[in-house]
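Descriptive structure summary
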Amino acid sequence: MVSRPLAIFGGTFDPIHLGHLSVAWEASELLDAEVRLMPASVPPHRPSPLADAAQRVAMLKAALQKQSRLTLDTRELERAGPSYTVDTLCELRNEQGDRSLVLLLGADAFAGLPSWHRWRELFELAHIGVLSRPGVEVVLSAELQGEIAARRVDKAASLHRLPAGRIIELSVTPLEISATRIRELLAEGRDPRYLLPCGLFDDPSILAPYRQA
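In this convention, every chain numbers its residues from 1, walking through the sequence in written order. Totals for whole chains, interfaces and linings use every residue, but because this is a predicted model, local features are given only for residues with pLDDT of at least 70 and side-chain atom pairs only at 80 or more, for both listing and counting. Excluding hydrogens and water, the side-chain values take into account all heavy atoms of the structure.

Thoughts on the layout of surface pockets
- By volume, the largest pocket is sized at about 1,500 Å³.
- A pocket, in this scheme, is an open set of points on a 1 Å grid over the protein atoms alone with protein on both sides within 12 Å along at least 5 of 7 lines, while a cavity is a set where a 1.4 Å probe fits but cannot get out; residues line either one if an atom lies within 4 Å of a point. For the largest pocket, the lining is made up of 50 residues, of which Gly10, Gly11, Arg46, Gly106 and Ala109 are closest to its centre.
- Helix and strand assignments follow DSSP, with helices taken as H or I runs no shorter than four residues and strands as E runs no shorter than two, numbered in order from the N terminus. Of all the secondary-structure elements, those providing two or more residues to the lining of the largest pocket are β1 (6-11), α1 (18-31), α3 (85-96), β4 (101-106), α4 (107-111) and α8 (179-187).
- Under the grouping applied here, Gly and all other residues not named as nonpolar or charged are polar, the nonpolar ones being Ala, Val, Leu, Ile, Met, Phe, Trp, Tyr, Cys and Pro and the charged ones Asp, Glu, Lys and Arg. Here the residues of the lining of the largest pocket sort into 26 nonpolar, 17 polar and 7 charged. Grid points are joined across faces, edges and corners, and a volume is the space filled by probe spheres set on the points.

Structure, rendered in structure tokens:
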């Protein structure tokens, strides 16, 4: 029996919001996959998070309660230095054997893949699921187009049969929610009630890093 793929959805999650959760949930459904949310420790391509690791883990645990489709993986927070995706996928490949692994990326992040550390090795370690939004097209470099031309597939079942190496576009529902804007609202003392998962409001201390900013 072929096991369900394991999909990885990384980010700073500073804070985790409904836009993150919505696309992760849809990707899980479209791929029939387990999805792990993986907070980055020191993201190589963006500023460091405002909330520290423990605070972001508390937010993620609160956000993910009362469901089992999405889970939390904190390995990048436990590893020193920058959070390079290739290192994470090497670890997972060693743990998971020949299980299908899928790296979930937004279309903009995918377009910037050639700037990533050891980016060509990613295709040897996992499939890539590109989270696309209807009506939004991203320009890909010739270098990236040449690498992915023969890797594209249309059906999620194709990813179940191979451990790595394919690219699939996943059309997800866009929720235009900005973590930057949420931090601004919280710093102003406002209540972004319907932008964040309700679990984040159960304990006033969870959002304290932003209210004190």
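Describing the environment of glycine 165
- If you trace the backbone, glycine 165 turns up in the loop between α7 (157-160) and β7 (167-171).
- Residue exposure (1.4 Å probe, protein chains only): buried if accessible area is under 20% of the type maximum, exposed if over 50%, otherwise partly exposed. For glycine 165, a relative accessible area of 5% puts it in the buried group.
- Separated by 85 residues in the primary sequence, glycine 165 and alanine 80 have C-alpha atoms spaced 28 Å apart.
- Only heavy atoms matter for contacts: two residues are in contact if any of them lie within 4.5 Å across the pair. Setting aside anything within four residues of it in sequence, one finds glycine 165 in contact with Phe123, Ala126, His127 and Arg151.

Examining the pattern of salt bridges
- Take a side-chain nitrogen of Lys or Arg and a carboxyl oxygen of Asp or Glu: if they are within 4 Å of each other, that pair is a salt bridge. Within the structure shown, the criterion is met by 18 salt bridges.
- For glutamate 91, the salt bridge is made with arginine 75, and the minimal N-O distance between the two is 3.1 Å. Of this pair, glutamate 91 sits in helix α3 while arginine 75 sits in the loop between β3 (70-72) and α3, placing them 16 residues apart in sequence.
- Overall, glutamate 91 belongs to the partly exposed group, its relative accessible area being 29%.
- Its relative accessible area of 12% is what places arginine 75 among the buried residues.
- Glutamate 147 is paired through a salt bridge with arginine 151; the nearest N and O atoms lie 3.1 Å apart.
- Among the charged side chains, a salt-bridge network with shared partners connects Glu34, Arg36, Asp73, Arg75, Glu76, Arg79, Glu91, Glu95 and Arg99.

Describing the sheet that holds β7
- Taken in spatial order, the 7 strands of this open sheet run β3-β2-β1-β4-β5-β7-β6, and their pairing is parallel. Strands at the two margins of the open sheet, each flanked by one partner only, are β3 and β6 (152-153).
- In this analysis, strands are considered paired if DSSP registers two or more bridges between them. Bridge count between β4 and strand β5 (residues 127-132): 5 bridges; the pairing is parallel. Residue pairing for β5: leucine 104 is matched across the bridge by glycine 129.

Looking at the nonpolar core
- Remark: nonpolar core denotes a set of buried residues (Ala, Val, Leu, Ile, Met, Phe, Trp, Tyr, Cys) joined through side-chain atoms within 4.5 Å. With 36 residues, the main nonpolar core has Phe9, Ile16, Leu31, Leu37, Leu104 and Leu200 as its most contacted residues.
- Ranked by residues supplied to this core, first place goes to α1 with 5 residues.
- In this structure leucine 37 touches Phe9, Phe13, Ile16, Leu21, Ala24, Leu60, Leu64, Leu70, Thr71, Leu72 and Asp73, once residues within four positions along its chain are discounted.
- Leu113, Trp116, Leu125 and Ala126 belong to the second-largest nonpolar core, a separate cluster that totals 25 residues.

Some details on helix α2 (residues 53-63)
- When we look at burial in α2, the residues that qualify are Arg56, Val57, Met59, Leu60, Ala62 and Ala63.
- If you follow the buried residues of α2, they end up packed against α1, β2 (34-39), β3 and α9 (208-211).
- The backbone nitrogen of alanine 54 lies 3.2 Å from a side-chain oxygen of the residue at the head of α2, namely aspartate 52. Two N or O atoms form a polar contact when they lie within 3.5 Å of each other; inside protein one atom must be a possible hydrogen donor and the other a possible acceptor, and for residues adjacent in sequence the pair counts only when both atoms belong to side chains.

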